[in-house]
Amino acid sequence: MDLSLLSIEALLPFILVGFAAQLVDGALGMAFGVISNTLLVAVMGVPPALASQRVHVVECFTTATSGISHLLHGNIDKQLFLRLLLPGVAGGVLGAYLLTSLDASVVKPFVLLYLTGIGLYILARGLFYPPKLKEARLIAPLGLVGGFLDAAGGGGWGPVVTSNLLIQGADPRKVVGTVNAVEFFLTLTVSATFIWHLGFADLAGATLGLLIGGLLAAPIGAWAAKHFPPKQMLILVGTVLILTSGFGVWKAWG
C-alpha cells in the first residue's frame, strides 16, 4: 500500500489506529505511543523506525488538542501542572542528549517490568480498596524521571508519571488531565529537532491518518476522564498499564 495516497481507503486504517490510541490516552493519561506503535508494526506491517517517526510527529498535535480539551473540562490542576512542567521538559532534554550513545533497549524492559508491577498494584487498589484521595508530594523528581525515560526510551511519560501520581493518592481525573497537558510541552521539546527536518510530504499517508484519528478522539477522551468515577479509572489504568507494559516485556524477552 502506498502511504502517500490521500484516498479514504489508504487513510482509514491509520485513522482508526489514531482514534483508538488517543481515546485510551485521553481518558487514562497513557498509551498513545505504545498502542499506535504496536498496531502499526505488529498488525499493519509498518517498519518500526517509520512507525516511531510518524507517531512522534502526530503526538505534537494530539497532545495539544488533548490538553486544551482537558482544560475546557476542568481536568487540569494548575499547581500540579507547574510542578511537573519544568522537571518534565528538563528530563526530556537530558534523555535526548545523554542517552544517544547508550542502548536504551537494554534498560527499557526493566522499566516496563516495573510498570507492570505498578499496574498490578493500581488494579488491586481499584478492585479491593475504595480510593482515598490525597495530595501527591513526590512530583518534581517524578517529572524529571518521566521526561528522561520518555526521551531515552521512545515513550513512557504517561505510564510513569500517571501511575506514580495515582499510587500517591492524587485525584485520577486531575492526574490524567494534567499529565496530558504537560506532555504537549515535553513532546514538542524532545521532537523539535526531529520535526525541523521533516517536510510537508511526511504529513501524508500514515501520519495524516493518525493525526485525523487522534484529533477526533482527543475531546472524547477528555470528556470520558471527567465522567469516570475514581475507582473505575484506577481499574482501567491498572489494566491498560499491565497489558501494554507486559506486552513490551514479552516482546523484549519472549
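Our structure is the block above this text.
Please read all numbers here as calculations on a predicted model, not as lab measurements.

## Re the overall build of the chain
- Helices and strands together make up the secondary structure of the chain, namely 10 helices and zero strands.
- The burial tally for the chain puts 48% of its 254 residues in the buried class.
- Relative to all contacts within the chain whose residues are 6 or more apart in sequence, the contacts with residues 24 or more apart total 84%.
- With the model as given, the accessible surface of the chain reaches about 12000 Å², and the carbon-plus-sulfur share is 73%.

## Thoughts on the side chain of N75
- Position of N75 relative to the elements: it lies in the loop between α3 (48-72) and α4 (78-98).
- N75 sits in the buried class, given a relative accessible area of 0%.
- A polar side-chain atom of N75 sits 3.1 Å from the main-chain carbonyl oxygen of A222.
- With residues near it in sequence (within four places) discarded, N75 still touches H70, R173, K174, G177, T178, A222, A225 and K226.

## Considerations on a nonpolar patch on the surface
- On the surface, a cluster of nonpolar side chains totalling about 310 Å² of accessible area is made up of I8, L12 and L16.
- Take L16: it is sitting in helix α1 (residues 8-28).
- The class for L16 is exposed, based on a relative accessible area of 53%.

## What to know about the nonpolar core
- Counting residues in each nonpolar core, the largest one holds 46 residues, and the members touching the most others are L40, L84, I122, W157, V161, L165 and V179.
- Those residues in contact with L165, other than ones at most four positions away along the chain, are L80, L84, A136, L138, I139, L142, A170, V175 and V179.

## A short note on the environment of V237
- Following the sequence through the fold, V237 ends up in helix α10 (residues 230-253).
- Exposure remark for V237: the relative accessible area of 1% places this residue in the buried category.
- Along the chain, V237 and S163 lie 74 residues apart, while their C-alpha atoms are 7.7 Å from each other.
- Not counting residues within four places of it along the chain, the set of residues in contact with V237 comprises L28, M30, I122 and L166.

Cut-offs and rules
Residues numbered from 1 in each chain as written. Predicted model: local features only at pLDDT ≥ 70, side-chain atom pairs only at ≥ 80, totals over all residues. Heavy atoms only, no water. Helix = DSSP H or I, 4+ residues; strand = E, 2+ residues; numbered from the N terminus. Buried < 20%, exposed > 50% of the residue type's maximum accessible area, 1.4 Å probe, protein only. Contact = heavy atoms within 4.5 Å. Areas by Shrake-Rupley, 256 points an atom, 1.4 Å probe, with all protein chains shown as cover. Polar contact = N/O pair within 3.5 Å; in protein donor to acceptor, adjacent residues only side chain to side chain. Patch = residues over 30% accessible without salt bridge, like charges linked within 9 Å, V, L, I, M, F, W, Y side chains within 5 Å. Salt bridge = Lys/Arg side-chain N within 4 Å of Asp/Glu carboxyl O. Core = buried A, V, L, I, M, F, W, Y, C linked by side-chain atoms within 4.5 Å.

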